[in-house]
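This is what each chain is made of:
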Amino acid sequence: MTDRTAFITGGAGFIGSRLVAALRPHVSRIVVFDNLHPQVHGADAQPPSFGGETEFIRGDVTDAEALREAVCAAKPSLVFHLAAETGTGQSYDEPARYNNVNVMGTAWLIEALRVARKGGAPKCRVVLAGSRAVYGEGAYRTPEGDLVVGPVRTPEDLSAGRYLPVLQGRGALTPCPTPEALTPAPASVYASTKLMQEYLLEQCGAEGDYEVAILRFQNVYGPGQSLRNPYTGVLSIFSSQVLSGRALEIYEDGEIVRDFVFVDDVVSSLVAAGTAETPPSGPVNIGSGYPATIREVAETLLERLGATRSNYSVSGKFRPGDIRYAVADISRATSLLGWTPKVSLDEGLTSLADWAKETYAREGRL
Ligand SMILES: NC(=O)c1ccc[n+]([C@@H]2O[C@H](COP(=O)([O-])OP(=O)(O)OC[C@H]3O[C@@H](n4cnc5c(N)ncnc54)[C@H](O)[C@@H]3O)[C@@H](O)[C@H]2O)c1
């Protein structure tokens, strides 16, 4: 496994930069291709210095020529595709940009891999940083035990405080962990673009230029997630708000459920998908498997950041299209990749809070 090159799009980001360090024992060279998006890295971002056998190329995945040149020069045997626009709410306002980067960027990557292969590059494996957003609402069981996608909640229900999804005529639904077999039902532009990434990679990979591993991450959190990007990463956004003295506002009744998975666990899943003898067939969920309410996580985070545990309000506000219950069934990740999450929510939140406090103290602003 050592005489190999890994190519990482988005490798300067939150997950990507930790992946670089974790991959070193597995490959001889790493090429990071990243445009240092100002929304993530700030307006005056300088190229990161990774050290070791790691080359950084500042480039955009929508620049077909630059991407092709970089892939052909790298001749990678492993590609991790992480570069993306990642804000769910922002994606409604900028559907063209989200499509251009996430969908077209993936298409250009596929074409670049084809050209590289014709030029003598080895058949490679592409690991996609996919998202659980492709499911839309999480999975539920009907009273008869059928597994269904939770229906989208209407603004009328939400404004009347009826937060649980209702399937007309089927009685009360019970939320349960989402398995990969659940039919995708993306509920945002971002989610649709993440599903298109999967489809493109699977459909074009069938021609044999590369093999594919698709991981669907739940909410990833931990040190290093941009504290200045207001569009993504609820726990980073909460951390910035607390550290700048603002009270937290929690939507609905505070009981929205998410599966928060620590960044190092996500990185180990990427390494496992890249190094497994054969790639898992079909998408694989990556999460903690633990259902955490936003209220519970906010209280712990407030405490770890040194603020008053109750410094939040539950406002009853809601966002149309928001998901009520999202928890991963991670049994396929364990059986196919031998992967399990190692970091508990408690440890992970302490680590995030310590890092956020240090960063805030060092930079004086976020
Ligand atoms: N963080 C999460 O909770 C989460 C959950 C599910 C899926 N994902 C997926 O994981 C991947 C990485 O997410 P992250 O949390 O590390 O985000 P991030 O924003 O920290 O990292 C993304 C990186 O991609 C780069 N980038 C953005 N647009 C680019 C472009 N046009 N060309 C080249 N580089 C570009 C950015 O500069 C950044 O360094 C994304 O594909 C995201 O959809 C993340």
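Caption draft 1: Spotlight on the site of the ligand. The full set close to the ligand counts 29 residues, and Asp34, His41, Leu82, Tyr190 and Lys194 are the nearest of them. The contact in question runs from an oxygen atom of the ligand to an N or O atom on the backbone of His37, over 2.9 Å. A total of 830 Å² of accessible area belongs to the ligand in isolation, and the protein chains cover 94% of it. Among the elements of the structure, helix 1 (14-23), helix 2 (38-41), strand 5 (124-131), helix 7 (189-205) and strand 10 (219-221) are those that each provide at least two residues to the shell around the ligand. Sorting elements by how many residues they give to the shell around the ligand places strand 5 first, with three residues. Of the residues contributing to the shell around the ligand, the split by class is 14 nonpolar, twelve polar and three charged.

Caption draft 2: Representation of the packing of aromatic side chains in the model. A full pass over the atoms with the stated rule returns four aromatic pairs. Seen in terms of ring centroids, Tyr221 and Phe260 are 6.2 Å apart; in terms of plane orientation they differ by 90 degrees. Their pairing is edge-to-face. In this pair, Tyr221 is assigned in strand 10 and Phe260 in strand 13 (residues 260-262), connecting sequence segments 39 residues apart. By relative accessible area, Tyr221 is classed as buried at 1%. According to the relative accessible area criterion, Phe260 is buried, its value standing at 4%. Seen in terms of ring centroids, Tyr221 and Phe262 are 5.5 Å apart; in terms of plane orientation they differ by 70 degrees. Their pairing is edge-to-face. Pair noted here: Tyr221 is in strand 10 and Phe262 is in strand 13, with a separation of 41 residues, a long-range link. Here the two residues Tyr221 and Phe262 agree in accessibility, since each one is buried. Here the aromatic residues Tyr221, Phe260 and Phe262 are joined through ring pairs into a cluster of three or more.

Caption draft 3: Highlighting the sheet that holds strand 4 (residues 78-81). Ordered in space as 3-2-1-4-5-9-14, the seven strands form an open sheet in which the pairing is parallel. Each edge of the open sheet is held by one strand with a lone partner, namely strand 3 (54-58) and strand 14 (284-286). Ignoring strand direction, the axes of neighbouring strands in this sheet form an average angle of 20 degrees. Contacts from helix 9 (residues 263-275) reach strand 4, strand 5, strand 9 (210-217) and strand 14 within the one sheet, and its direction differs from that of strand 9 by about 160 degrees.

Caption draft 4: Representation of the nonpolar core. The biggest cluster of nonpolar side chains holds 64 residues, and the ones touching the most others in it are Ile15 and Phe80. When residues of this core are assigned to their parent elements, the largest contribution, seven residues, is made by helix 9. Discounting chain neighbours no more than four positions away, the residues touching Ile15 are Leu82, Phe217, Val220, Val263, Val266, Val267 and Leu270. Among the nonpolar cores identified, the runner-up in size contains 27 residues, and Phe33, Leu67, Leu109 and Tyr210 belong to it.

Caption draft 5: Seen up close, the pattern of salt bridges. With the rule as written, the count across this model stands at 24 salt bridges. Taking the shortest distance from any N to any O, the salt bridge between Glu207 and Arg114 comes out at 3.6 Å. Of this pair, Glu207 sits in the loop between helix 7 and strand 9 while Arg114 is found in helix 5 (residues 95-118), placing the two residues 93 residues apart along the sequence. Since its relative accessible area comes to 61%, Glu207 is described here as exposed.

Caption draft 6: Seen up close, the environment of Leu248. Mapping Leu248 onto the fold places it in strand 11 (residues 248-250). Relative accessible area serves as the criterion here: at 1%, Leu248 is assigned to the buried category. For the pair Leu248 and Leu302, spaced 54 residues apart in sequence, the C-alpha separation works out to 9.0 Å. Discounting chain neighbours no more than four positions away, the residues touching Leu248 are Phe238, Gln241, Val242, Ala298, Leu302, Asn311, Tyr312 and Ser313.

Caption draft 7: The packing of helix 1 against helix 9, seen in detail. Interhelical geometry of helix 1 versus helix 9 gives an angle of 60 degrees and a closest axis separation of 9 Å. With respect to their mutual orientation, helix 1 and helix 9 come out oblique. Our pair here, helix 1 against helix 9, has a crossing hand that is right-handed. Contacts between helix 1 and helix 9 involve Phe14, Ile15, Arg18, Leu19, Ala22 and Leu23 from the former and Val263, Asp264, Val266, Val267, Leu270 and Val271 from the latter. When grouped by side-chain class, the residues that make up the contact of helix 1 with helix 9 number ten nonpolar, no polar and two charged.

Caption draft 8: Region of interest: the sheet that holds strand 6 (residues 139-141). Judged by pairing direction, the sheet is antiparallel, and its three strands sit side by side in the order 7-6-8 without closing on themselves. Single-partner strands in this sheet number two, and they are strand 7 (147-149) and strand 8 (174-176). With strand direction ignored, the average angle separating the axes of adjacent strands in the sheet is 45 degrees. Bridge analysis of strand 6 against strand 7 gives three bridges, and the strand direction is antiparallel. Within strand 7, the position partnered with Ala139 by the bridge is Val149.

Caption draft 9: Structural context of helix 7. In this model, helix 7 (17 residues) spans 24 Å end to end at C-alpha, consistent with the 24 Å of a helix rising 1.5 Å per residue. Within helix 7 the residues assigned to the buried category are Tyr190, Ala191, Thr193, Lys194, Leu195, Gln197, Glu198, Leu200, Leu201 and Gly205.

Rules and cut-offs
Starting from 1, residues in each chain are numbered consecutively following that chain's sequence as written. Reporting of local features is limited, given that this is a predicted model, to residues whose pLDDT is at least 70; pairs of side-chain atoms are given and counted only at 80 or more, and all residues count toward the totals for whole chains, interfaces and linings. Each side-chain value is worked out from all heavy atoms of the structure, with water and hydrogens disregarded. Being near a molecule or strand, for a residue, means having at least one of its heavy atoms within 4 Å of it. Counted as a polar contact is a pair of N or O atoms within 3.5 Å, where, for protein atoms, one must be capable of donating a hydrogen and the other of accepting one, and residues adjacent in sequence contribute only when both atoms are in side chains. Computed with the Shrake-Rupley method and a 1.4 Å probe, the accessible areas treat only the protein chains shown as cover for residues. Working definition: helices are DSSP H or I runs of at least four residues, strands are E runs of at least two. Numbering for both runs from the N terminus. Note on residue categories: nonpolar means Ala, Val, Leu, Ile, Met, Phe, Trp, Tyr, Cys or Pro, charged means Asp, Glu, Lys or Arg, and polar means any other residue, Gly included. Any two of the Phe, Tyr and Trp rings considered here, Trp counted by its six-membered ring, make a pair once their centres fall within 6.5 Å; the pair's planes then place it as stacked at under 30 degrees, edge-to-face at over 60, or tilted in between. The classification of residues rests on relative accessible area computed with a 1.4 Å probe and restricted to protein chains. Under 20% of the type maximum is buried, over 50% is exposed, and intermediate values are partly exposed. Should DSSP find at least two bridges between two strands, the strands are taken to pair. Note on definitions: angles span 0 to 180 degrees between N-to-C directions of axes, and those axes are lines fitted to C-alpha atoms, for helices only across the stretch in contact. What makes two residues a contact is simply this: any of their non-hydrogen atoms within 4.5 Å. Side-chain atoms within 4.5 Å are what join buried Ala, Val, Leu, Ile, Met, Phe, Trp, Tyr and Cys residues into a set we call a nonpolar core. Salt bridges are identified by distance alone: a Lys or Arg side-chain nitrogen within 4 Å of an Asp or Glu carboxyl oxygen. By the definition adopted for this analysis, an angle is roughly parallel if under 35 degrees, roughly antiparallel if over 145, roughly perpendicular if from 65 to 115, and oblique otherwise. Handedness of each helix crossing follows the sense of rotation of the near helix against the far helix: counterclockwise by less than a right angle gives left-handed, clockwise gives right-handed. Helix span is expected to be 1.5 Å times the residue number reduced by one.

Function-wise, these values are silent; they only describe arrangement.
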